[in-house]
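# Structural overview for review
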Amino acid sequence: MKNRLLLVMVAFLFFGGFAQAQTAMKIGYADVDYILGQMPEAKQVESELQAHNTQLQSQLQAKYQEYQQKLQAYQQGAATMVDAVRSEKETELAQLEQRIQKFQQDAQTSMQKKQGTLMEPLYEKVGTNIEAVAKENGYTHILNGNVGGIDVVLFADVKYDISDLVLKKMGITPPASN
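These numbers come from a predicted model, not from an experiment.

### As for the overall build of the protein chain
Looking only at helices and strands, the protein chain has 5 helices and 4 strands in total. Order of helices (α) and strands (β) in the protein chain, N terminus to C terminus: α-β-α-α-α-β-β-β-α. Across the 178 residues that make up the protein chain, the buried fraction comes to 25%. Once local pairs closer than 6 in sequence are excluded, the contacts in the protein chain between residues at least 24 apart make up 79%. Of the roughly 13000 Å² of accessible surface on the protein chain, a fraction of 56% belongs to carbon and sulfur atoms.

### Here's the deal with the side chain of Asn129
Structurally, Asn129 is set in helix α4 (residues 83-136). The exposure class of Asn129 is buried, given its relative accessible area of 12%. In terms of polar contacts, Asn129 uses its side chain to reach the backbone carbonyl oxygen of Lys125, at 2.7 Å. With sequence-adjacent residues up to four places away left out, Asn129 is seen in contact with Val166, Lys169 and Met170.

### Looking at the packing of aromatic side chains
The full count for this structure, using the stated rule, is 1 aromatic pair. Above the ring of Tyr139, the side-chain terminus of Lys26 is found at 4.5 Å from the ring centroid. Looking at Lys63, its charged tip hangs above the ring of Phe103, at a distance of 5.4 Å from the centre.

### Some points on helix α3 (residues 40-77)
Taking 1.5 Å per residue as the helical rise, α3 with its 38 residues ought to reach 56 Å, and the 56 Å between its terminal C-alpha atoms agrees with that figure. Of the surrounding elements, those touching the buried residues of α3 are α2 (32-38) and α4.

### Brief notes about the side chain of His52
Relative to the helices and strands, His52 resides in helix α3. Apart from residues lying up to four places away in sequence, His52 is in contact with Ser110, Met111 and Lys114.

How each quantity is defined
Residues numbered from 1 in each chain as written. Predicted model: local features only at pLDDT ≥ 70, side-chain atom pairs only at ≥ 80, totals over all residues. Heavy atoms only, no water. Helix = DSSP H or I, 4+ residues; strand = E, 2+ residues; numbered from the N terminus. Buried < 20%, exposed > 50% of the residue type's maximum accessible area, 1.4 Å probe, protein only. Contact = heavy atoms within 4.5 Å. Areas by Shrake-Rupley, 256 points an atom, 1.4 Å probe, with all protein chains shown as cover. Polar contact = N/O pair within 3.5 Å; in protein donor to acceptor, adjacent residues only side chain to side chain. Phe/Tyr/Trp six-rings, centres within 6.5 Å; stacked < 30°, edge-to-face > 60°. Lys NZ or Arg CZ within 6 Å of the ring centre and 35° of its normal. Expected span 1.5 Å × (residues − 1).

Take a look at the structure:
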């Protein structure tokens, strides 16, 4: 009986302390995509990525045109070619196809790497400012409103959204609310 009473008292103390710890938490959230969308630096990054993509697309187009020209020449002369020449042309076309596919894969990797390199300083800046705003306003936790288009915070009172405070901290005037 004494053991049960002691156990009940310990449980009350434990849960009472847990409840007090929970009331001391202040949780907010920020929409990192929204913040990035308001940053002039993000617009510059987007411009640089677009230029890089255009350059890669031009190179791909040149490779594809070369392939089309060689394919057309092969198709026009295939009937009159000696077997050895036809085989050589087919091998050349297959190699060109492989190079085009490899270039497409390398271009995609290049775009991802370029985006990561250009965006990293922006994410660091946003993270630093979120941390500063959280500390200034007594928040114990800040969540991201959504990640990759998926809502992480399913409900939150807008008064706990610190996104505009972060923008102001970075010297950016947030757009007027609707």
